[in-house]
Amino acid sequence: SDIQQIIVSILCTQYSILYFMEEEPLILKEYGRNVQKLIKYINTLPTVEDRTKMSHILIQLMKQINPAVRENTDNNQRIWDHLYVMSDFTLDIEG
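Cut-offs and rules
The residue count restarts for each chain, going from 1 along the sequence in the order it is written. Confidence filtering applies because this is a predicted model: local features only for residues at pLDDT of at least 70, side-chain atom pairs given and counted only at 80 or more, and all residues used for totals across whole chains, interfaces and linings. With hydrogens and water set aside, each side-chain value is computed from the structure's full complement of heavy atoms. Put simply, DSSP H or I for four residues or longer makes a helix, DSSP E for two residues or longer makes a strand, and each gets a number counted from the N terminus. When accessible area is computed with a 1.4 Å probe and restricted to protein chains, residues below 20% of their type maximum are described as buried, those above 50% as exposed, and intermediate ones as partly exposed. Whenever two N or O atoms come within 3.5 Å, that pair is a polar contact, provided that in protein one can donate a hydrogen and the other can accept it, and provided that, for residues adjacent in sequence, both atoms are side-chain atoms. Residues are treated as being in contact if the distance between any of their heavy atoms lies within 4.5 Å. By nonpolar core is meant a set of buried Ala, Val, Leu, Ile, Met, Phe, Trp, Tyr and Cys residues that side-chain atoms within 4.5 Å join together.

K.L.:
I tried to follow the environment of Asn75 on my own but got confused; where do I start?
P.N.:
With respect to the element layout, Asn75 can be found in helix H4 (residues 73-86). Classification of Asn75 as buried rests on a relative accessible area of 16%. Distance from Asn75 to Lys63, taken between C-alpha atoms, is 9.5 Å for residues 12 residues apart in sequence. Polar contacts involving the side chain of Asn75 include one to the side chain of Arg78, which spans 2.9 Å.

Here is the structure:
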């Protein structure tokens, strides 16, 4: 019935609002929440070697997600800068 649809709509809206309130704000929207979560995960890896390896893999993923920044040297540095910004400058890797 119409009342059931209205109730479901209201509940879905409230759930969506709660979901987004619980999530951390996106730092760079062009990469999305999952990249931000991956950076947070990489920061938890125990060794510098593991963090470095995973960061290089994540950079390749970021290039695919944001095709505007492809193989240009300046853009490559910009992607690494984005990685550090999203890590809140706490990522400890080699290089």
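Now that the structure is up, let's keep going.
K.L.:
How should the side chain of Arg51 be read in this particular structure?
P.N.:
Among the secondary structure elements, Arg51 is positioned in helix H3 (residues 48-65). The class of Arg51 is buried, set by a relative accessible area of 8%. Of note is the side chain of Arg51, whose polar atom sits 2.7 Å from the backbone oxygen of Leu45. With residues up to four places along the chain from it excluded, the contact list for Arg51 reads Ile42, Asn43, Leu45, Pro46, Asp92 and Ile93.

K.L.:
Sorry, what's going on with the nonpolar core here?
P.N.:
The nonpolar side chains of soluble globular proteins are, as a tendency, buried together. Tyr31, Val35, Leu58, Met62, Leu83 and Met86 are the most contacted members of the largest nonpolar core, which has 16 residues in total. When residues of this core are traced back to their parent elements, those giving at least two are helix H2 (32-42), H3 and H4. At four residues, H4 tops the list of elements feeding residues into this core. Look past the residues within four positions of Tyr31 in its chain and what remains in contact with it is Met62, Ile65, Asn66, Val69, Ile79, His82 and Met86.

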